[in-house]
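Observations on the model geometry
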Amino acid sequence: MSTWRRLHVKVRTTHGLLTSRWETQRHTWQYGHLALCQNLSTGRPLRNDFFKDLEAQLAAMRKKASDALPGSSWSPLEITPNLPPERADIVIVGGGVMGWSIAYWLKQKERVRGGVKVVVVEKDPKYSQASTVLSAGGIRQQFSLPENIHLSLASADFMRNINEHLGVLDEDPIDLQFNQSGYLFLASEQVAHIMEENYSTQRYAGAKVSLLSPTQVKEKFPWINTDGVVLASYGLENEGWFDPWTLLNAFRRKAISMGVIQCCGEVTDFKYTTNVMTTADGDEVDLRRIKSVKVQMPNSLEYQPVECAIVVNAAGAFSAKLTAMLGIGFGPKDSIGGIPLPVEPRKRYVYVVHCPDGPGLDSPFLIDYSGVYFRREGLGGNYIVGRSPEEAEEPDTSNLEVDHQFFEDKVWPNLASRVPVFEKLKVKSAWAGFYDYNTFDQNGIIGMHPLINNMYFATGFSGHGLQHSPAVGRSVAELILDGNFTTLNLSGLGFRRILANEPMLEKNIV
Amino acid sequence: QSLQRCCQRSALLIVARRQWSSSSVSSPPLHTRLLLFLTQRFYDVEMLLSWGSQLRRRGIQKKNVYYGYTQKLYGSDIAAAYYILSLKGGFRYVGQPEWFRANQRGKFNWDFLKHKDTPLEEVNMSYTVINYTGLGNLEGQKSLRTLSLRGCPEVDDWFLARLHIFQDSLEELDISHCPRITTAGLAALRNLKGLRRLDVSSLPGISSPGLVVILLEEMLPQCQITATGYDHSLRQEKGERMEEHMEGQR
């Protein structure tokens, strides 16, 4: 029995060999070679096939002859399609909403058409692990840092006029599905004073928020259980949630229509020159200047070095890998070179639940002081629920698997105590996404690194990158093209605070 | 997408060349020749169209600009009144029975200047180009009771969100026939707790009107909602039943 099987296998493999040889013979045939081949009982007579397909054979021969002549686009050397260009002005590493926003604004602000050649490098065109598309998509102005409030306000302005900014002629108008439902923050006694301070900062910066007492909250939203709530802060305008994929595609479509080159590949290395200088104290400092970026093609060993003038790090959760390639973080311990980029991926879970008697069309994005949040999704009684875990219980970031036990233990009890209707709910689905978590102070890093002369950072937003992306894109484009911030002053979010060890923490209640 | 356009262009060029290279003497009619002429100048036409849309947008923005000068000279109520009249809307003062309106040509009576510092009670901006920035002119009106925005092409979800400035006083709102309002924007009406009559008829932007009206009624319990002009027929359900039948047979 086994001998028959072995013969069968041999016949099959030789069949395979024969067919490939047959293909090569078809190639060489037109030059008049009729090589002999061993006929190993495949059951296909060779000569009959040739005469039957005479027409097709002659046509193929004519095509190959015309290709070989000069003037055709065929060449014997196989050129990989989709390689990035050999030279570019600005390479943006990271094709999420932040990267494409920067690309769009760079093209918007260039003063001459075709002034800057921008290449956006994204390693995963399916965006399976990107933070942009896996986010809950909310935007709020209820921050405590004025810079964050201004960024959110500017981004909301952008999204209000999105068709004016990102509309392409002859294409459909962009529909962000922006639900104007506002955010509702609940505060307990210990943190009520922080909320009041934040409220005055927010109103001073121009956000439309209002403070509510527990009775007012109960009146507006009778489904909330106001035990333990002393104060609530409610956004009236410019707050809500929207579809991040639409925004990403809108930026991408407009940027490509303005001439940005999209490349699918991974940045694996940099070629840089080092300039050693001594400070006033006599310490030696390495100043690096990036000369070219090595972009590796997906699933292949092929790479293309892209010579560039400026590199923008918008890689989100994976930004620290890029700076590690440049040696930041590996210098002497007490110098600037020894401080690595404090951005790391943190996994966050989002659960979709269905509750038929839940809050209706007016339910805001509710954030409780225990850290649990939920928002309405669609019109069918579905809600998106989540919670930021404690520092000690951060889940493992090597994959995007969802831990349903976390929902049972940590999320559901708090949610049910705050909104009693949610005691009866059913988890429909869940997903996990990465935060580009800034371990230093959980706020974005925008600006240049002092040791790398031509790398700009726009990363580390720890969960509010999406809502700030239009305004941050504009600011980074201003930094690159105008040399300084012109519309919003974000120098407080630069590198200086990390190197001087002065965290700008959000005095949030969560 | 630009590739598509290129293909269309080249196809049209081939058609053109074929027509002209044929030996038949009669040249194609004038409109065909004009269209072929335009297709050969594709990028110019694209530039002209984008200029046209930009000019239109700038015209609307100019109409909705903030009337700061009028406000400094005459006060915010007169400024709001002047703004409404210049957009060809109509309004009524608190305590005054007559309406002030602009006619078709845009001419209006300057008598409204007589009533200084009287707030507006009812405003009718139907079929005008009022938008989000224009609403800033009406911001100080604390006793506005009726607002009618029937058929306004620039009223969208953000406009509805800004209506929270009238949350204490507004009792009647009419946003029927506005093409840019979607379901997501109707959630913004949650702030208007004093609303008694709401008209959301014939909004082409909302997808499941029956469900949305029910949710709105739940959200605003004291409000009477009018929602006509929707097709609540069961035609879609019939298609679904046929599909179920097929699957059952399989």
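Residues numbered from 1 in each chain as written. Chains lettered and ligands numbered in written order. Predicted model: local features only at pLDDT ≥ 70, side-chain atom pairs only at ≥ 80, totals over all residues. Heavy atoms only, no water.

1. Some points on the overall build of chain B
Note the following rule: The helix and strand labels rest on DSSP assignments: H or I over at least four residues marks a helix, E over at least two residues marks a strand, and numbering proceeds from the N terminus. Residue burial is assigned from relative accessible area. The probe radius is 1.4 Å, only protein chains are included, and a residue is buried under 20% of its type maximum, exposed over 50%, and partly exposed in between. Here a residue-residue contact requires only that any non-hydrogen atoms of the pair lie within 4.5 Å. All accessibility values rest on the Shrake-Rupley procedure with a 1.4 Å probe; residue burial counts only the protein chains present in the view.
Across its full length, chain B carries 9 helices and 7 strands. Burial status across chain B gives 41% buried among its 250 residues. Sequence-distant contacts in chain B: of pairs separated by 6 or more residues, those separated by 24 or more amount to 66%. For chain B, the exposed area adds up to about 14,900 Å²; of that, 54% sits on carbon and sulfur atoms.

2. Comments concerning the interface of chain B and chain A
Stated precisely, the cut-off is as follows: The term buried area denotes the loss of accessible surface (1.4 Å probe radius) that occurs when two parts are joined, taken as the sum for both partners. Each reported salt bridge corresponds to a side-chain nitrogen of Lys or Arg within 4 Å of a carboxyl oxygen of Asp or Glu. Pairs of N or O atoms are called polar contacts if they sit within 3.5 Å, as long as, within protein, a hydrogen donor faces a hydrogen acceptor (for residues adjacent in sequence, only side-chain-to-side-chain pairs).
Taken residue by residue, the interface counts 27 residues in chain B and 25 residues in chain A. Together, the buried faces of chain B and chain A total about 2,500 Å²; carbon and sulfur atoms form 58% of this surface. Here chain B is connected to chain A by 0 salt bridges. Counting the contacts that link chain B with chain A gives 7 residue pairs in polar contact (both at pLDDT 80 or more).

3. Focus: the packing of aromatic side chains
We count it as follows: In this analysis, rings of Phe, Tyr and Trp, with Trp reduced to its six-membered ring, are considered paired at centre separations within 6.5 Å, and the interplanar angle assigns stacked below 30 degrees, edge-to-face beyond 60, and tilted for intermediate values. Lysine NZ or arginine CZ positioned within 6 Å of the ring centre and within 35 degrees of the ring normal marks a charge as sitting over the ring.
Under the counting rule described, the total for this entry stands at 36 aromatic pairs over all chains. With a centroid separation of 5.9 Å and an interplanar angle of 35°, the aromatic rings of tyrosine 82 of chain B and tryptophan 110 of chain B are classed as tilted. You can see tyrosine 82 of chain B sitting in helix α5 (residues 76–86) and its partner tryptophan 110 of chain B sitting in the loop between β2 (99–101) and β3 (120–124), a full 28 residues away along the chain. Residue classification places tyrosine 82 of chain B among the partly exposed positions, given a relative accessible area of 26%. Taken together, the ring pairs in this structure connect Tyr67, Tyr82, Tyr83, Phe91, Tyr93, Phe100, Phe108, Trp110 and Phe112 of chain B into an aromatic cluster. Over the face of the ring belonging to phenylalanine 318 of chain A we find lysine 123 of chain A, whose NZ or CZ atom lies 4.1 Å from the ring centre.

4. Focus on the nonpolar core
Residues and elements named next belong to chain B. Test applied: Buried residues of nine kinds, namely Ala, Val, Leu, Ile, Met, Phe, Trp, Tyr and Cys, make up a nonpolar core once their side-chain atoms join them within 4.5 Å.
Phe91, Ile130, Leu149, Leu173, Leu186 and Leu198 are the most contacted members of the largest nonpolar core, which totals 56 residues. Secondary structure elements with two or more residues in this core: α5, β1 (90–93), β3, α6 (157–162) and α8 (209–219). No other element matches α5, which puts 6 residues into this core. The residues touching leucine 186, leaving out its near neighbours within four places in the chain, are Leu160, Ile175, Ile181, Val200, Ile206, Val212, Leu216 and Met219.

5. A look at the side chain of arginine 418 of chain A
Residue and element names in this part refer to chain A. You can see arginine 418 is positioned in helix α11 (residues 404–418). Engagement of the side chain of arginine 418 in a polar contact is seen with the backbone oxygen of asparagine 225, the distance being 2.5 Å. A polar side-chain atom of arginine 418 sits 3.1 Å from a polar atom in the side chain of aspartate 368.

6. Considerations on the UniProt feature "domain: FAD dependent oxidoreductase" (unreviewed entry) in chain A
So the rule is basically this: UniProt positions are given in the numbering used here, feature names are shortened, and annotations may be inferred rather than shown by experiment.
UniProt records the feature "domain: FAD dependent oxidoreductase" (unreviewed entry) at residues 89–479 of chain A, using the numbering of this structure. Between the C-alpha atoms that bound residues 89–479 of chain A the distance is 15 Å, and the span itself is 27% helix and 29% strand.

7. Regarding the sheet that holds strand β16 (residues 382–387) of chain A
Residue and element names in this part refer to chain A. Applied cut-off: Paired strands, in this sense, are two strands between which DSSP finds at least two bridges. Geometry is summarised by axes, namely lines fitted to C-alpha atoms with helices restricted to the contacting stretch, and by angles between N-to-C directions that run from 0 to 180 degrees.
With mixed pairing, the 8 strands of this open sheet are ordered in space as β5-β6-β4-β14-β15-β16-β13-β17. Sheet topology places β5 (209–212) and β17 (426–438) at the edges, where each strand pairs with a single neighbour. Taken over all neighbouring pairs, the strand axes of this sheet differ in orientation by 20° on average, direction set aside. Where β5 lies against strand β6 (residues 231–235), 4 bridges are found, and the strand directions are antiparallel. If you follow leucine 211 over to β6, its bridge partner there is serine 233.

8. Remarks on the sheet that holds strand β11 (residues 303–307) of chain A
Residue and element names in this part refer to chain A. Spatially, the 3 strands line up as an open sheet ordered β9-β10-β11, and their pairing is antiparallel. Looking at strand neighbours, the two that pair on one side only are β9 (266–278) and β11, the edges of this open sheet. Each adjacent strand pair in this sheet contributes to an overall mean axis angle of 35°, direction not counted. Two elements, β9 and strand β10 (residues 284–296), share 12 bridges in a ladder whose sense is antiparallel.

9. Topic: a nonpolar patch on the surface
Note the cut-off: Patches in this entry comprise residues that are over 30% relatively accessible and not in a salt bridge; like charges within 9 Å are linked, as are nonpolar side chains (Val, Leu, Ile, Met, Phe, Trp, Tyr) within 5 Å.
A cluster of nonpolar residues, Leu34, Leu35, Phe37 and Leu38 of chain B, forms a patch on the protein surface that exposes about 380 Å² of accessible area. With respect to the secondary-structure elements, leucine 35 of chain B resides in helix α2 (residues 30–39).

10. As for unusual backbone geometry
Residues and elements named next belong to chain A. With a phi angle near 75°, aspartate 170 is a residue other than glycine that sits in the positive phi range. Mapping aspartate 170 onto the fold places it in the loop between α6 (162–166) and β4 (183–187). Looking at aspartate 170, the relative accessible area reads 60%, which means it is exposed. A positive phi angle, close to 55°, is found at glutamine 442, a residue other than glycine. The topology assignment puts glutamine 442 in the loop between β17 and β18 (445–448).

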